[in-house]
Amino acid sequence: MNEMKALRDVLIEGLDDWVPIDQLLWAAGEYPAGRTRQERLVELLRYALSSGLIEVGELMETGFVAWTGDVDEQVRRVTADLDRLDWAPQLGSSVWLSNTAKGDELARWNSG
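A brief structural summary. (Residues numbered from 1 in each chain as written. Predicted model: local features only at pLDDT ≥ 70, side-chain atom pairs only at ≥ 80, totals over all residues. Heavy atoms only, no water.)

## Examining the packing of aromatic side chains
Per the stated rule, a full pass over the model turns up one aromatic pair. Ring geometry for Trp18 and Phe64: centres 6.3 Å apart, planes at 20°, overall stacked. With Trp18 in the loop between α1 (3–13) and β1 (19–20) and Phe64 in strand β3 (residues 63–66), this residue pair connects regions lying 46 residues apart in the sequence. Assessed through its relative accessible area of 35%, Trp18 is described here as partly exposed. Under the relative-accessibility criterion, Phe64 is labelled buried at 17%. The ring of Trp67 has Arg77 sitting right over it, with the charged end atom 3.8 Å from the ring centre. (Phe/Tyr/Trp six-rings, centres within 6.5 Å; stacked < 30°, edge-to-face > 60°. Helix = DSSP H or I, 4+ residues; strand = E, 2+ residues; numbered from the N terminus. Buried < 20%, exposed > 50% of the residue type's maximum accessible area, 1.4 Å probe, protein only. Lys NZ or Arg CZ within 6 Å of the ring centre and 35° of its normal.)

Right under this line is the structure:
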């Protein structure tokens, strides 16, 4: 899978606001590569986190609060939440994404 192609729209959307996990799940489904949508989401999420393009967290009264922990722990938390929702979050998930400065820079470059 071309991770950057799949992440492009998610990162561009993240320039203006936090992005629900639904968007990354949709992106994973748009770029089939012989694996399930769940496997592709995990691959994209790992790539985006380990490349420093996004942070994963929740929206609180104070705004976006990034989760702590390593990539594996964050991926486990995301997949547990999606399992709870049968992988059909429809904005029911508490998981949100926030671009990092590096993610914003890449999104600006790709949006022009």
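Resuming the write-up.
## Structural notes on the nonpolar core
In this structure, Leu24, Leu41, Leu45, Ile54, Val56, Val78 and Leu97 are the most contacted members of the largest nonpolar core, which totals 26 residues. Those elements giving two or more residues to this core turn out to be α1, α2 (21–30), α3 (37–50), β2 (54–60) and α4 (71–84). Not counting residues within four places of it along the chain, the set of residues in contact with Leu24 comprises Leu7, Val10, Leu41, Leu44, Leu45 and Leu97. (Core = buried A, V, L, I, M, F, W, Y, C linked by side-chain atoms within 4.5 Å. Contact = heavy atoms within 4.5 Å.)

## Re the pairing of strand β4 (residues 96–99)
Of the strand pairs in this sheet, β1 and β4 are connected by two bridges, and their pairing is antiparallel. Counterpart to Val19 in the pairing with β4 is Leu97. Here β2 runs beside β4; their pairing, made up of four bridges, is antiparallel. Note that in β4 the partner of Val56 across the bridge is Leu97. (Pairing = 2+ DSSP bridges.)

## Quick look at the sheet that holds β2
Within the open sheet, the four strands sit side by side as β1-β4-β2-β3. Their pairing is antiparallel. At either margin of the open sheet sits one strand with a lone partner, and together these are β1 and β3. Two strands pair when backbone bridges link them, and β2 and β3 are joined in this way by four bridges, in the antiparallel orientation. The residue of β3 that forms the bridge with Gly57 is Ala66. Across the face of the sheet, α1 comes into contact with β1, β2 and β4 while running at roughly 85° to β4. (Axes fitted to C-alpha atoms, helices over the stretch in contact; angles between N-to-C directions.)

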